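# Descriptive structure summary
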Amino acid sequence: MTAHCRPEHVPGPATVADRAGPGRQPRLQRLAAREDLAGRVLLVASVLPVLLAIAWLVVAVPLAAVGGFHAWLVLPLAGATAVLLLRWAMPRLRAVPVRPAPWWSVVATAAVAVGFAILAAATHSEQAVLHRDAGTYAQVGLWLSGHPGLTTPIPADAFGSAANAVTFAHPGFFVQDGLIVPQFMTGWPTMLAAAFWLDGWPGMFVLPAVVGGAAVFAVAGLAARLCGARWAAPAALLLALAWPMLRVSQTTYSEPLACLMLAGGISLLIDGWSVAAGRTRSRTDASVRRDAGVLLGLAGLVLSGGELVRLDMGVDFALVVPVIGWWFLRRRAGAAAFVAGAVVGGGLGFLDARFVTWPYLQVNWVSVRLMVLLLVAATAGTLITVVALRWRGGAARPARRRSIAVAAAVAVAVAVAGVLLAARPLLYVDRSITAAGTIDYVASHQLRLGLPVDGTRGYAEQSLSWVSWYVGWPALVLAWFGAMAAAAGVARGRDWRLLPVLLVYGGSGVATLLRPAITPDHPWADRRLVVEVLPAVVLFAVFALARAARAGRSAATRRVLRWTPLLLVAAVVPGALVTAQLAPLRTEMGEPAAAAAVCRALRPTDSVILMDTQWAPTVRNQCGVPVAALDDPTVERIATAVAGVRAAGRDPVLMSSSTLTLLPYGLPLDKVVYLDTQEDQHQLVRRPDGTDPRRLECWIVRA
């Protein structure tokens, strides 16, 4: 047995009985059976949520795309699909070699995940009005809850001859071919719509907390697969105490679902490998191929289906492709099944991207192009390598462990990469922002914060410091050592389970840190850390702790064991302190009531002319009233729009989020909303430590 984080051999009941006296046999048999059951519960429970999620997505997204998103249709079909997937998966999960676990570990892990979900639900925000991306997701989900499709024709008839003088596009929603098209991928809004069916706005606001708790448990389950079940609870605790993870679970961001999809997909991949690699003489090759094929097919479906949730999940999948090529070269069962599942999930993602959310891809074409190039390069390179090695007969050669020198070289490479990642603020200054609106936005906050004004600053060179704000440098250092140890182990051919974790979490995590590709105000930008970076830190830090604890069992390194609990405390405390400070601070409170007030102020015969785009989604999606905006309101343009609406036989209503755009015209103003609430801060170079005041206003004029 090698000295690293691999599960120890746990004797079965018969072996224990042979070693024990006759009086101890029944007790030890019961203990072994209980630990086997606990390990099985942890294994199954950590992937059950992702199976339910993908069952929903493969049904709901196509129905929303074709205009068939009705509760009476999507709910029974998704339920039937979930039953089918579970009937396929559960017998195969019983075939996975179980890692015995003490019940305290399972209970503690579940307690952390459930406690996280309860805290996130109790402190959720109420961003119902479009402000940032969370508001966009909420508005798209609200639209789907009352309509069978994502798109809707522009209401040109409601503005008559003035339709060409107004715009129907606004932040979060595009106009293409006469249709209003929402931003972002379709998967998460379909879930928000279902939550709205169940309990309106409260149901929608609580759903991210439930999914976030499932994501915490999924990452803990992945840690158990890598390091043993006893390390699931520390992994869950480390991730739950990272405040960006809690923040995205308090509001309607898609990151909790994306985190769940990635962790669950990698866990299913490892389970399928374990079935194929752990076959025994009592199991036929046919049953092994069937069981491994089902699990790996589901893994391919989940990992590629992540594209239905988050645009750049294609980067994560591209890094899985070489792993599947390696598995195919080893002549193990399930590689073809993985490809089949990936074709289904990836095909749905492609259809969603090309035919539903295409304007969103065009806006982000630079990132999309890089992702496509990576996918093509990974696929082509893997195919060429596999064909060349199979042609040479390389696949038939038994796997051999590489020398210590190779492992040392790989570990040194990881160490150097970590040093360079940390040293970036000393090496260069990131000026990656090119969009004019974002440049102005960043410059305004630099001026407010007393920083040098340069709106092109993306601050990407400081991204590792962003992570340190929420997990602390001790956890980062542990993760650095854990990544070196894991890379060395993989280089020596010792533990193949670590390979997808290194490539996907390590590779995507580093790519995210190098190029966050997000407006750099915090904590808004910190959601980019949730899907790959924070789970990578947690998994590698726990791996390092488990390695230290295992090394402590030898007589020569017994002292190491005494330091392991202290290392765990050092890793946990920084995140706990930050989360304790920020978790109770709720934001956007009162916005659902404000949106309802706007709808009460409008009539079915109204056509709303906006001076800005703040209330556009609310008026259209929630109030069901035609709405358009004036790009540059002037007296002449307002008069033209009002005349056009009247000529169309409707009542013109001018609306603005400020009195400044309406007062100059001397018209009587009606105050509809005047709400003082809170929002997240907009920090650029330091950690957020509170919230900022936000005033939400709505004024109308019946022209």
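This section reports on the structure supplied with the text. (Residues numbered from 1 in each chain as written. Predicted model: local features only at pLDDT ≥ 70, side-chain atom pairs only at ≥ 80, totals over all residues. Heavy atoms only, no water.)

### Thoughts on the nonpolar core
To keep it simple, the criterion reads: Definition used in this section: a nonpolar core is a set of buried Ala, Val, Leu, Ile, Met, Phe, Trp, Tyr and Cys residues joined via side-chain atoms within 4.5 Å. Each residue's exposure class comes from its accessible area (1.4 Å probe, protein chains only) as a fraction of the maximum for that residue type: buried when under 20%, exposed when over 50%, partly exposed otherwise. Should any heavy atoms of two residues lie within 4.5 Å, those residues are counted as being in contact.
Met 261 and Phe 338 are the most contacted members of the largest nonpolar core, which has 180 residues in total. With sequence-adjacent residues up to four places away left out, Phe 338 is seen in contact with Leu 269, Leu 296, Gly 297, Ala 299, Gly 300, Leu 303, Phe 317, Val 320 and Ile 324. In this structure, Val 129, Cys 599, Ala 616 and Ile 700 belong to the second largest nonpolar core, which totals 23 residues.

### Describing the environment of Ile 154
Threshold: The helix count covers DSSP runs of H or I at least four residues long, the strand count covers runs of E at least two residues long, and both are numbered beginning at the N terminus.
Mapped onto the elements, Ile 154 comes out in the loop between strand E1 (152-153) and strand E2 (173-176). Of the residues examined, Ile 154 reaches a relative accessible area of 25% and is grouped as partly exposed. When the C-alpha atoms of Ile 154 and Asp 177 are compared, they prove to be 9.5 Å apart, with 23 residues separating the residues in sequence.

### Concerning the packing of helix H10 (residues 255-277) against helix H12 (residues 313-329)
So the rule is basically this: Lines fitted to the C-alpha atoms define the axes, with helices restricted to the stretch that makes contact. Angles between their N-to-C directions range from 0 to 180 degrees. Oblique is the label for every angle not falling under 35 degrees (roughly parallel), over 145 degrees (roughly antiparallel), or within 65 to 115 degrees (roughly perpendicular). Side-chain classes follow a simple rule in which Ala, Val, Leu, Ile, Met, Phe, Trp, Tyr, Cys and Pro form the nonpolar group, Asp, Glu, Lys and Arg form the charged group, and the remainder, Gly included, forms the polar group.
Across the interface, H10 lies against H12 with an axial gap of 12 Å and an inter-helix angle of 5 degrees. Viewed along their axes, H10 and H12 adopt a mutual orientation that is roughly parallel. Along the contact surface, H10 presents Ala 258, Met 261, Leu 262, Leu 269, Trp 273 and Ala 276, while H12 presents Met 313, Asp 316, Val 320, Val 323, Ile 324, Trp 326 and Trp 327. Of the residues contributing to the contact of H10 with H12, the split by class is 12 nonpolar, no polar and 1 charged.

### Some words on the packing of aromatic side chains
Between two aromatic rings, the relevant description is the distance of the centres plus the angle of the planes. Rules: Stacked, edge-to-face and tilted are the three classes for Phe, Tyr and Trp ring pairs, Trp counted by its six-membered ring, which pair at centre distances within 6.5 Å; planes under 30 degrees apart are stacked, over 60 edge-to-face, the rest tilted. In this scheme, Lys NZ or Arg CZ marks a charge over a ring once it lies within 6 Å of the ring centre and within 35 degrees of the ring normal.
A full pass over the atoms with the stated rule returns 17 aromatic pairs. On the basis of an interplanar angle of 65 degrees and a centroid distance of 5.5 Å, the ring pair of Trp 273 and Trp 326 is categorised as edge-to-face. Taken together, the residues span a long stretch of sequence, with Trp 273 in helix H10 and Trp 326 in helix H12 at a distance of 53 residues. Classification of Trp 273 by relative accessible area gives buried; the value is 0%. With a centroid separation of 4.8 Å and 15 degrees between ring planes, the pair formed by Trp 273 and Trp 327 is classed as stacked. Linking Trp 273 in helix H10 with Trp 327 in helix H12, this pair joins segments that are 54 residues apart in sequence. Taken together, the ring pairs in this structure connect Trp 273, Trp 326, Trp 327 and Trp 496 into an aromatic cluster. Of note, Arg 354 hangs over the ring of Trp 358, and the distance from its end group to the ring centre comes to 4.4 Å. Taking the ring centre of Tyr 459 as reference, the NZ or CZ of Arg 457 above it sits at 4.1 Å.

### A look at helix H5 (residues 103-122)
Defined as follows: Under the convention used throughout, the expected extent of a helix is 1.5 Å for every residue step, that is, one less than its residue count. The arc refers to the directions leading from the helix axis to the C-beta atoms.
Taking 1.5 Å per residue as the helical rise, H5 with its 20 residues ought to reach 28 Å, and the 28 Å between its terminal C-alpha atoms agrees with that figure. Among the residues of H5, Ser 105, Val 106, Thr 109, Val 112, Ala 113, Phe 116, Ala 117 and Ala 120 are the ones counted as buried. In an axial view of H5, the angular spread of the buried residues amounts to 130 degrees, which keeps them on one side of the axis. Facing away from the buried surface of H5 by more than 90 degrees, the exposed residues are Val 107 and Ile 118.

### What about unusual backbone geometry?
With an omega of 10 degrees, the peptide bond running from His 522 to Pro 523 counts as cis. Among the structural elements, Pro 523 can be located in the loop between helix H19 (498-514) and helix H20 (533-551). Of note in the backbone geometry, Ala 517 takes a positive phi value of approximately 55 degrees without being a glycine. Position of Ala 517 among the secondary structure elements: in the loop between H19 and H20.

Keep in mind that these numbers describe shape and distance, not what the molecule does.
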